[in-house]
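Remarks on the overall topology
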Amino acid sequence: MSSSAGIPSLGRTYGALYVGSCLGFMLYGLTVHQVYKYYKLYPSDIAFLKYLVLLIFVLETFHTLLWVIDGYHYFIQDYFDPDALSIGHWTDKINIFLTGLVIVICQGFYARRVFLIGPKFKGLVAIAAMCMGLFFGFDIAAGVIAFTTLNLVTFARYSWMISAAYGFALVTDIILTGTLVVVLLRCRTGLQQTDSVVELLVIYAINTGLLTSIFGVLAFVFALILPGNLIYAGISIVVAKLYANSVLAVLNSRRALQHRLLDDLPISISMHKAAPRHHQGIMESWSVPQLPTSTTLKFATLHTTEPGTQSNADLRKSEERSSEGDVQAAEDA
């Protein structure tokens, strides 16, 4: 349906928001499940991670509630008022700020993770932080303009700011993911068993940001080439949910992936006594499964399941006890 008197095409504006909202609601259900799973599996996590999960949950709940109000306004309350369709609702404008805030918080989590596991790359992390700041700056500017413009047609002239914001978000993702992959690849030892573990973690690191990057590119492109539509806004709903779920998935996968690594790698891993204090409890501070690094971990000789040797199950129990002790030491510090 196209409009003549300045009324936007419903299919490419509020139809896109409707589809994006439906997908966002489904992803919010996944967010609720992951939050419940996190607090159930990791009651002893450091306070920073607990508050981070709580903040993400509160923001995502508010984000979802605003889109419910937005849908009720356009599809129920003002359904027979065509003029209202050309005027953006206050929930649309607030969600510009809220979406940017969720993305910045999640990217900040990834930046912290890269900094903790690879402090040598703090220059790249600083560049990523600058891109995060530019992203949030364009996001705030677009939100302010949205509150000052009268209708969607006027705001279409400024949709390039949304595209620029997602462009910087994409650059941030590439820098952080690329740096993490480089750090992981430097952990290769030349042994087939250890290298296979590193390759697994590289694939895992890339996959955690793959969906967010794909939808970020779509939002970037549609905001640039179709400024008069709201397709990019519908995509942005999904993007915010994907960022939140990707962080929660990283946190919740630590235990399962740690067990898998112990099964695939029958190597006794022990903490180096001379490691710096900030490397204690690296599993929790890095927020991904524990990784063998040259500065913090050393490999002992291979074990088999012959009599008198440790089995993988024993290694797993020993590693769990060691991780719990490291976490407690980090919290005490």
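Residues numbered from 1 in each chain as written. Predicted model: local features only at pLDDT ≥ 70, side-chain atom pairs only at ≥ 80, totals over all residues. Heavy atoms only, no water.

Moving on, we come to helix α10 (residues 231-252). Helix length check: α10 (22 residues) gives 32 Å between terminal C-alpha atoms against 32 Å at 1.5 Å per residue, within 8%. Within α10, 20 of the 22 residues are buried, which leaves the element mostly enclosed by the surrounding structure. (Helix = DSSP H or I, 4+ residues; strand = E, 2+ residues; numbered from the N terminus. Expected span 1.5 Å × (residues − 1). Buried < 20%, exposed > 50% of the residue type's maximum accessible area, 1.4 Å probe, protein only.)

Attention now goes to the packing of aromatic side chains. Applying the stated criterion across every chain yields a total of nine aromatic pairs. A ring pair is formed by phenylalanine 138 and tryptophan 160, whose centres lie 6.1 Å apart and whose planes are at 70°; its orientation type is edge-to-face. Taken as a pair, phenylalanine 138 in helix α5 (residues 122-148) and tryptophan 160 in helix α7 (residues 159-185) lie far apart in primary sequence, 22 residues in all. Residue classification places tryptophan 160 among the partly exposed positions, given a relative accessible area of 42%. Members of the aromatic cluster, joined through ring pairs, are Tyr38, Tyr39 and Tyr42. Seen from the ring of tyrosine 42, arginine 254 lies directly overhead, with NZ or CZ sitting 4.0 Å from the centre. (Phe/Tyr/Trp six-rings, centres within 6.5 Å; stacked < 30°, edge-to-face > 60°. Lys NZ or Arg CZ within 6 Å of the ring centre and 35° of its normal.)

A few words now on the nonpolar core. Generally speaking, nonpolar side chains in soluble globular proteins are found buried as a group. Within the largest apolar cluster, 69 residues are counted, with the highest numbers of intra-cluster contacts made by Phe109 and Val247. Ignoring any residue separated from it by four or fewer positions in sequence, one finds valine 247 in contact with Leu52, Ile56, Cys106, Phe109 and Tyr110. (Core = buried A, V, L, I, M, F, W, Y, C linked by side-chain atoms within 4.5 Å. Contact = heavy atoms within 4.5 Å.)

The geometry of helix α2 (residues 47-77) relative to helix α4 (residues 90-117) is characterised by a closest axis approach of 10 Å and an angle of 155° between their N-to-C directions. With respect to their mutual orientation, α2 and α4 come out roughly antiparallel. In the crossing of α2 with α4, the sense of the turn from one axis to the other is left-handed. In terms of residue class, the contact of α2 with α4 is built from 19 nonpolar, four polar and four charged. (Axes fitted to C-alpha atoms, helices over the stretch in contact; angles between N-to-C directions. Parallel < 35°, antiparallel > 145°, perpendicular 65-115°, else oblique. Left-handed = near helix turned anticlockwise from the far one by under 90°. Nonpolar A, V, L, I, M, F, W, Y, C, P; charged D, E, K, R; others polar.)

Attention now moves to the confidence of the model for the protein. Interpreting fine coordinate detail is not advised for predicted regions of low pLDDT. For the protein, the mean per-residue pLDDT works out to 76, and 72% of the residues sit at or above 70. When pLDDT is averaged over each helix and strand of the protein, the minimum, 35, is found for strand β2 (residues 297-302) and the maximum, 93, for helix α1 (residues 14-41). Predicted confidence is poor over residues 1-5, with pLDDT under 50, and the contacts of this stretch with residues over four places away or in other chains come to five contacts. Low pLDDT (under 50) marks residues 326-333, which in the prediction has twelve contacts with non-local residues, meaning those over four places away or in another chain. (pLDDT = per-residue confidence, 0-100.)

Our focus in this paragraph is the side chain of serine 253. Mapping serine 253 onto the fold places it in the loop between α10 and α11 (254-264). You can call serine 253 buried: its relative accessible area is 17%. One polar contact links the side chain of serine 253 to the main-chain carbonyl oxygen of valine 250, over a distance of 3.1 Å. (Polar contact = N/O pair within 3.5 Å; in protein donor to acceptor, adjacent residues only side chain to side chain.)

Time to look at the pattern of salt bridges. Within this structure, the stated rule accounts for two salt bridges. As a salt-bridge pair, lysine 241 and glutamate 60 come within 3.1 Å of each other at their nearest N and O atoms. Of this pair, lysine 241 sits in helix α10 while glutamate 60 is found in helix α2, placing the two residues 181 residues apart along the sequence. Neither lysine 241 nor glutamate 60 differs from the other in exposure class; each is buried. (Salt bridge = Lys/Arg side-chain N within 4 Å of Asp/Glu carboxyl O.)

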